[in-house]
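Structural description and commentary
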Amino acid sequence: MPKAKGKSRRHKYSYNLNRKRLYRSARRRAAPRIACSHIRHAWDPHKSVAQNLAEMGLAEDPNKAIPIPKKLLGMEVESDGQQPGKKLVRKPYVVKEMELEASLPEKKSNTLSRDLIDYVRYMIENHGENYKEMARDEKNYYQDTPKQIKRKINVYKNFYPEEYKNFIASLKPEKMEVQ
């Protein structure tokens, strides 16, 4: 059987490849980066995954850590009463740090764009609660309907309730001066 075309050529050394970078990237791919910083700092690369997790007090297999009780047709099977031996936890600080991090309140990461905030403030400043007038405003670039504008204002109210209250309170003295 004949050889495939292109397979008979002599292999030449490629001087353009950076062998050091190739070796490092291959090692990085072989041992992926651990996302949790607490586990990553306590990790020993010379030990297996099971050994590392056991030292930190973490479960390798959740099914073995918290076994499902065996029930046969509604009847409980009696066990020997022997508890599996407790494993020695050499790095308890890992679990404590993870619990501390988990107990912290979650930051509200979703915010409104600066353009939308400026748009809503402009509309309220100039038109108050008149949504039909807002829809006819020249700054209504996206040609929002009155209901769409009302929805955007309600979103702003829900995201920044304190800021909205302060903004409305600052508008009232200005309106009194105009009258």
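What comes next concerns the included structure. As the structure is a prediction and not an experimental result, all values here were calculated from the model.

Thresholds, definitions, all that
Residues numbered from 1 in each chain as written. Predicted model: local features only at pLDDT ≥ 70, side-chain atom pairs only at ≥ 80, totals over all residues. Heavy atoms only, no water. Core = buried A, V, L, I, M, F, W, Y, C linked by side-chain atoms within 4.5 Å. Buried < 20%, exposed > 50% of the residue type's maximum accessible area, 1.4 Å probe, protein only. Helix = DSSP H or I, 4+ residues; strand = E, 2+ residues; numbered from the N terminus. Contact = heavy atoms within 4.5 Å. Expected span 1.5 Å × (residues − 1). Arc of directions from axis to C-beta. Axes fitted to C-alpha atoms, helices over the stretch in contact; angles between N-to-C directions. Parallel < 35°, antiparallel > 145°, perpendicular 65-115°, else oblique. Left-handed = near helix turned anticlockwise from the far one by under 90°. Phe/Tyr/Trp six-rings, centres within 6.5 Å; stacked < 30°, edge-to-face > 60°. Lys NZ or Arg CZ within 6 Å of the ring centre and 35° of its normal.

The next subject is the nonpolar core. Core analysis: the largest hydrophobic core is formed by 15 residues, its most contacted members being Val120, Ile124, Met134, Ile149, Ile153 and Tyr156. At the level of elements, helix 6 (114-127), helix 7 (131-135), helix 8 (146-159) and helix 9 (161-178) are the ones that each hand at least two residues to this core. With near-sequence residues (within four places) excluded, Ile153 lies in contact with Val120, Ile124, Tyr131 and Met134.

Along the chain, Ala135 turns up in helix 7. The exposure class of Ala135 is partly exposed, given its relative accessible area of 25%. Sequence separation between Ala135 and Met123 is 12 residues, and the spatial gap between their C-alpha atoms is 9.3 Å. Apart from residues no more than four positions distant in its own chain, Ala135 is found in contact with Asn140, Asp144, Thr145, Pro146 and Ile149.

Turning to the side chain of Asn52, a few remarks are in order. Within the element layout of this structure, Asn52 appears in helix 3 (residues 49-56). What makes Asn52 buried here is its relative accessible area of 0%. In this structure, Asn52 is in contact with Ala42, Trp43, Asp44 and Lys47, ignoring residues within four places of it in sequence.

Moving on to helix 8. Since there are 3.6 residues in each turn of an α-helix, residues three or four apart along the chain are aligned in direction. With 14 residues, helix 8 should cover 20 Å at 1.5 Å per step; its first-to-last C-alpha distance of 20 Å lies within 8% of that length. Within the sequence span of helix 8, burial applies to Ile149, Ile153 and Tyr156. Considered in projection along helix 8, the buried side chains sweep an arc of 55° and stay on one side of the axis. Across from the buried face of helix 8, at angles greater than 90 degrees, the exposed residues are Lys147, Arg151 and Asn158.

All right, on to the packing of helix 6 against helix 8 then. Where helix 6 contacts helix 8, the two axes come as close as 10 Å, and the packing angle between them is 110°. When the axis of helix 6 is compared with that of helix 8, the two are roughly perpendicular. In this structure, helix 6 crosses over helix 8, and the sense of that crossing is left-handed. The segment helix 6 lies against helix 8, with Leu116, Ile117, Tyr119, Val120, Arg121 and Ile124 engaging Ile149, Lys152, Ile153 and Tyr156.

Counting across every chain of the model gives four aromatic pairs. Centroid distance Tyr13 to Tyr15: 4.9 Å. Interplanar angle 75°. Geometry classified as edge-to-face. Among the aromatic residues, those joined into a ring-pair cluster are Tyr156, Phe159, Tyr160 and Tyr164. Sitting over the ring of Tyr122, Lys139 keeps its end group 5.1 Å from the ring centre.

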